[in-house]
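The lines below spell out each chain.
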Amino acid sequence: MHEHSVALSIVETALRHAAGRKVESLTIEAGLFSGVFADSLRFYLELLFEEQGQPIPNFHLSSPPARCRCECGSEYPLSVVLDGCPSCGGHRRTLLTGRDCVLVSMEVADA
Amino acid sequence: MPEILSVKSSAMAKNDLVAAENRAWFRCRGMRALNFISSPGAGKTSLLEAMAARLGRKLGVITGDIQMTFDADRIAKAGAQAVQIETGGSCHLTAEQIRKELLARPWDGVETMVIENIGNLICPSTYELGEFFKVALLSVTEGDEKPAKYPALFLRAEAVLLTKIDLLPHVNFDVARAERDCLKLNADAKLLHLSCKTGQGLDAWMDWLSKRPV
Ligand SMILES: Nc1nc2c(ncn2[C@@H]2O[C@H](COP(=O)(O)OP(=O)(O)OP(=O)(O)O)[C@@H](O)[C@H]2O)c(=O)[nH]1
Ligand SMILES: [Mg+2]
Ligand SMILES: [Zn+2]
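Presented here is an overview of the structure given in this document.

How each quantity is defined
Residues numbered from 1 in each chain as written. Chains lettered and ligands numbered in written order. Predicted model: local features only at pLDDT ≥ 70, side-chain atom pairs only at ≥ 80, totals over all residues. Heavy atoms only, no water. Donors = N, O, S within 2.8 Å, 3.2 Å for Na, K, Ca; no water. Tetrahedral: all angles 85-135°; square planar, octahedral: opposite > 155°, others 65-115°. Helix = DSSP H or I, 4+ residues; strand = E, 2+ residues; numbered from the N terminus. Phe/Tyr/Trp six-rings, centres within 6.5 Å; stacked < 30°, edge-to-face > 60°. Buried < 20%, exposed > 50% of the residue type's maximum accessible area, 1.4 Å probe, protein only. Lys NZ or Arg CZ within 6 Å of the ring centre and 35° of its normal. Core = buried A, V, L, I, M, F, W, Y, C linked by side-chain atoms within 4.5 Å. Contact = heavy atoms within 4.5 Å. Salt bridge = Lys/Arg side-chain N within 4 Å of Asp/Glu carboxyl O. Pairing = 2+ DSSP bridges. Axes fitted to C-alpha atoms, helices over the stretch in contact; angles between N-to-C directions. Right-handed = clockwise from strand over helix to strand, strands pointing away.

### Overview of the coordination of the zinc ion (ligand 3)
By definition of the ideal shapes, four donors in a tetrahedron about a metal sit 109.5 degrees apart, and six donors in an octahedron sit 90 or 180 degrees apart.
All names here are of chain A.
Logical step 1: The coordination sphere of the zinc ion (ligand 3) contains the protein donors C70 (SG), C72 (SG), C85 (SG) and C88 (SG), at a distance range of 2.2 to 2.4 Å.
Logical step 2: Taken together, the four donor atoms coordinating the zinc ion (ligand 3) and their angles of 104 to 117° define a geometry best described as tetrahedral.
Logical step 3: Mapped onto the sequence, the residues coordinating the zinc ion (ligand 3) show the spacing C-x1-C-x12-C-x2-C. With C72 in the loop between β3 (66–70) and β4 (75–78) and C85 in the loop between β4 and β5 (93–95), the pair connects residues that are 13 residues apart, well separated along the chain.

See below:
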């Protein structure tokens, strides 16, 4: 449900960067621990572009694994939230990525 | 040829900025600030009533609810300074809403500020409000698989309170499993058992809270 406000924030940022040019695509990463569901986000993104009277861009939405650093020193990608470190099995780790939902990049038409 | 723009902007960036302002506001006043997150009815207001009975006006509470209920009245009656935010349908509180409430009244004498978030295990987890830490409440009537199902919250919660522990004999809730999953998500989580009905665990909670460095 909060995907609505997440989408709002993304659309705002995208239109600001586009500065009047047509937005052709958005590349978005919803982190494993971002609490954002890609399908729901897509729904609101389409809705918001439509509401703004803008053509609907292509959305490249992905949910990449989170990057973790284990206390044993190994760095690894995590895609199943309860899994442990592949080297030592431990769970004491620092999350390097995976908390955020990020607008990574976008394509805009030539002015 | 379309032009590719690198943006790398978090959807939370704007909220996070205001949250940082709120955090500074708390720090200036030497207040500790907590964010209570749980599903509806897990016992947030009940715990705040019990805390109010001990802390009185040194406890401040900002409580969010989708519609007018009486959580703030209950907490004020128990002795704390409390105000209600009606979100009118939103599923989480935002830093901006908290900022308004912080500026709207003096909060004289408040040492601990608790934000009671909207009852919801997903949406509030990723909206920083300026709190120093999050507390997840999980009642034993909800099922022991909840930490695994809602990792965004249990990853971020510094303390997990298993509430309504008095009801444990009546439900199939595997405490060991729930706690094991909590620790897989946050190896340093403080786990406590609470009952607002019997008072079990309240001393331990208040003790942990008073000693937690801010
Ligand atoms: N048996 C038992 N019941 C409890 C306990 N704590 C709360 N309750 C009951 O659970 C119900 C919900 O409690 P609240 O404190 O209103 O829960 P809440 O999390 O504030 O609810 P929302 O704000 O609506 O999300 C009430 O009927 C309480 O009396 C407890 O420790 N044991
Ligand atoms: Mg309540
Ligand atoms: Zn390891």
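### Notes on the packing of aromatic side chains
Logical step 1: Inspection of the entire model under this criterion finds seven aromatic pairs over all chains.
Logical step 2: Taking the centre distance of 5.1 Å and the plane angle of 80° together, the rings of A:F43 and A:Y44 count as edge-to-face.
Logical step 3: In this structure A:Y44 comes out as buried when scored by relative accessible area, which is 19%.
Logical step 4: Summarising the aromatic geometry, the rings of B:W205 and B:W208 are spaced 5.8 Å apart at their centres and angled 25° between planes, so their arrangement reads as stacked. Pair noted here: B:W205 and B:W208 are both in helix α8 (residues 202–211), with a separation of three residues, about one helical turn.
Logical step 5: B:W205 sits in the buried class, given a relative accessible area of 0%.
Logical step 6: Note on B:W208: relative accessible area 16%, which makes it buried.
Logical step 7: Taken together, the ring pairs connect B:F36, B:F133, B:W205 and B:W208 into an aromatic cluster.
Logical step 8: Here the basic side chain of B:R27 rests over the ring of B:F132, its NZ or CZ set 4.4 Å away from the ring centre.

### Here's the deal with the environment of A:V80
Logical step 1: Within the element layout of this structure, A:V80 appears in the loop between β4 and β5.
Logical step 2: Taking the C-alpha atoms as reference, A:V80 lies 15 Å from A:F37; in sequence the two are 43 residues apart.

### Section: the nonpolar core
Side chains that are nonpolar tend, in soluble globular proteins, to be buried together.
Logical step 1: Counting residues in hydrophobic clusters, the biggest one holds 44 residues, and the most contacted among them are B:F36, B:L47, B:M51, B:W107, B:V135 and B:W205.
Logical step 2: Setting aside residues no more than four positions away along its own chain, B:M51 makes contact with B:F36, B:G56, B:L59, B:V114, B:W205, B:M206 and B:L209.
Logical step 3: Counting residues in each nonpolar core, the second largest holds 27 residues, with A:V11, A:A14, A:C101 and B:A11 among its members.

### Considerations on the interface of chain A and chain B
Logical step 1: Contact with chain A, which involves 32 residues of that partner, is made by 31 residues of chain B.
Logical step 2: Inspection of the chain A/chain B interface yields three salt bridges.
Logical step 3: For B:E3, the salt bridge is made with A:R21, and the minimal N-O distance between the two is 2.8 Å.
Logical step 4: Put simply, the parts of the chain that give the side of chain A that touches chain B at least two residues each are α1 (3–18), β5 and β6 (101–108) of chain A.
Logical step 5: In terms of residue count, β6(A) provides more of the side of chain A that touches chain B than any other element does, eight residues in total.
Logical step 6: The pairing of β6(A) with strand β1 (residues 3–10) of chain B spans six bridges and is antiparallel. The residue bridging A:S105 from the neighbouring strand is B:S6, located in β1(B).

### What about the sheet that holds β5(A)?
Residues and elements named next belong to chain A.
Logical step 1: The sheet built from three strands is open, its strands ordered β4-β3-β5 with antiparallel pairing. Pairing within the sheet leaves two strands with one partner each, and these edge strands are β4 and β5. The mean inter-strand angle of the sheet, taken between neighbouring strand axes irrespective of direction, is 35°.
Logical step 2: With three bridges connecting them, β3 and β5 associate as antiparallel partners. Following the sheet pairing, R69 is matched in β5 by T94.

### So, the pairing of strand β1 (residues 23–30) of chain A
Each regular strand displays side chains that alternate between the two surfaces of the sheet.
Residues and elements named next belong to chain A.
Logical step 1: When β1 meets β6, the two strands line up antiparallel, connected through seven bridges. Its bridge partner being in β6, E29 is matched across the sheet by V102.
Logical step 2: Relative to strand β2 (residues 58–62), β1 is paired through five bridges, and the arrangement is parallel. Each residue of the ladder has a partner; that of S25, found in β2, is N58.
Logical step 3: Considered for its hand, the β-α-β crossover made up of β1, helix α2 (residues 38–51) and β2 is right-handed.

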